[in-house]
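In case you want the letters, here they are:
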Amino acid sequence: MENVGKPWERNGIFQAITSGLHAHRDRYKAQGMSAYMRNQFPFLGISTPARRKVVTDALHGYLKPNQDELVELARALHELPEREFQSAGVDVLVHYKHSIDPTFLNESAEFFITHKSWWDSVDALNPLIRHLVYTNPASVPLMYQWITNDNMWIVRCSLTHQLTMKKDTDAQRLADLCSTRAADTEFFIAKAVGWALRDYSHSNPEWVRGYVDSHAELSPLARREALKAIERARVKRPRVSP
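Residues numbered from 1 in each chain as written. Predicted model: local features only at pLDDT ≥ 70, side-chain atom pairs only at ≥ 80, totals over all residues. Heavy atoms only, no water.

Let's talk about the overall build of the protein
Argument step 1. Within the protein one finds 15 helices and zero strands.
Argument step 2. If one aligns the C-alpha atoms of the protein with their principal axes, the spans along those axes are about 65 × 45 × 40 Å.
Argument step 3. Sorting the 242 residues of the protein into buried and exposed places 50% on the buried side.
Argument step 4. Across the protein, contacts joining residues at least 24 apart in sequence account for 73% of those joining residues at least 6 apart.
Argument step 5. Just so you have it, the protein exposes about 12500 Å², and 52% of that area is on carbon and sulfur atoms.
Argument step 6. When the 31 positive and 28 negative side-chain charges of the protein are each reduced to one mean point, those points stand 9 Å apart. (Helix = DSSP H or I, 4+ residues; strand = E, 2+ residues; numbered from the N terminus. Buried < 20%, exposed > 50% of the residue type's maximum accessible area, 1.4 Å probe, protein only. Contact = heavy atoms within 4.5 Å. Areas by Shrake-Rupley, 256 points an atom, 1.4 Å probe, with all protein chains shown as cover. Lys, Arg positive; Asp, Glu negative; His and termini not counted. Charge placed at Lys NZ, Arg CZ, Asp CG, Glu CD.)

Examining the pattern of salt bridges
Argument step 1. Applying the stated criterion to the full structure yields 13 salt bridges.
Argument step 2. A salt bridge links R198 to E225, with the shortest nitrogen-to-oxygen separation between them at 2.6 Å. One end of the pair, R198, is in helix 13 (residues 187–201); the other, E225, is in helix 15 (residues 220–236), with 27 residues separating them in the sequence.
Argument step 3. Across the pair E225 and K228 runs a salt bridge, and its minimum N-O distance is 3.0 Å. Taken as a pair, E225 and K228 lie in helix 15 at a separation of three residues, close to a single helical turn.
Argument step 4. With relative accessibility at 4%, the residue E225 sits in the buried group.
Argument step 5. The network of salt bridges with common partners includes K191, R198, E225 and K228. (Salt bridge = Lys/Arg side-chain N within 4 Å of Asp/Glu carboxyl O.)

Notes on helix 5 (residues 83–95)
Argument step 1. For helix 5, which comprises 13 residues, the first-to-last C-alpha distance of 18 Å matches the rise-based estimate of 18 Å (1.5 Å per residue) to within 8%.
Argument step 2. Summarising burial for helix 5: eleven of the 13 residues are buried, a large majority. (Expected span 1.5 Å × (residues − 1).)

Section: the nonpolar core
Argument step 1. Counting residues in each nonpolar core, the largest one holds 50 residues, and the members touching the most others are I17, L93, F104, I113, I129 and W146.
Argument step 2. The leading source of residues in this core is helix 4 (residues 67–78), at six residues.
Argument step 3. For L93, the residues in contact, after removing those within four places along its chain, are L70, V71, A74, I100, F104, F112, L125 and L128.
Argument step 4. Listed in part, the 23 residues of the second largest apolar core include I147, V155, A222 and L227. (Core = buried A, V, L, I, M, F, W, Y, C linked by side-chain atoms within 4.5 Å.)

Quick look at the packing of aromatic side chains
Aromatic ring pairs are defined here through the distance separating the ring centres and the angle between the ring planes.
Argument step 1. Scanning the entire structure with this criterion turns up eleven aromatic pairs.
Argument step 2. On the basis of an interplanar angle of 70° and a centroid distance of 6.3 Å, the ring pair of W8 and Y62 is categorised as edge-to-face. Taken together, the residues span a long stretch of sequence, with W8 in the segment before helix 1 (10–23) and Y62 in the loop between helix 3 (48–59) and helix 4 at a distance of 54 residues.
Argument step 3. For W8, a relative accessible area of 13% corresponds to the buried category.
Argument step 4. Look at W153 and F188: their rings are 4.9 Å apart centre to centre, the planes differ by 45°, and that puts the pair in the tilted class. Of the two residues, W153 is situated in helix 11 (residues 152–160) and F188 in helix 13; the sequence distance between them amounts to 35 residues. We note that W153, like F188, is buried.
Argument step 5. Ring pairing ties together the aromatic residues W118, W153, F187 and F188, which thus form one cluster.
Argument step 6. Above the ring of F14, the side-chain terminus of R10 is found at 5.3 Å from the ring centroid.
Argument step 7. Sitting over the ring of F41, R83 keeps its end group 3.8 Å from the ring centre. (Phe/Tyr/Trp six-rings, centres within 6.5 Å; stacked < 30°, edge-to-face > 60°. Lys NZ or Arg CZ within 6 Å of the ring centre and 35° of its normal.)

Considerations on unusual backbone geometry
Argument step 1. Here K116, not a glycine, exhibits a phi torsion of approximately 55°, which is positive.
Argument step 2. Residue K166 is not a glycine yet carries a positive backbone phi of 55°.

Dropping the structure here:
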């Protein structure tokens, strides 16, 4: 159900999110979280559920915003130093994904993918990108452009944009995208190739096994990741008594 009530107040919501996150600051946890991310970003030390609750509470009760307002708020949060603020900006976008149209993919997505990039912020955009491509087929060609991009995070978004779609996955598109980067040994790209294939293997293991067997150029990492669920299911399969 859409929020109803007060007019959208960018500054008020920004203040509610930033003050709410600062109130949950835990310096001890922040050290561990920063270390886990190779000390690339400072952290406040807030868990994902707590962060998302702060964001949801701040957004509650406002009239549905327009796309420009959402992007402006998300970018303002993104510019703050601690990692939780970049994550909160993505939370805002995903929360209101039904208020965002496919122009976001061409006009704004690259900023959030390529600035202060790491797997956590990039992968968090998946629900929004998936929704926009699935509901707007005219956006599909952009995924074919992204797969050849020089930026590995844009490539990763292309590879993973169909995650969790199960039987709604476009297998030909999945094959096309994975094949373009099959031999890539960059860790985050090879991992994404395998992840995309592994995710689809839960719905269509025969297809994934056939794809892997017919693509000898797959990097070792992508191959291992692609077959993880299939191999796990094989190991767990009960033996039949003779």
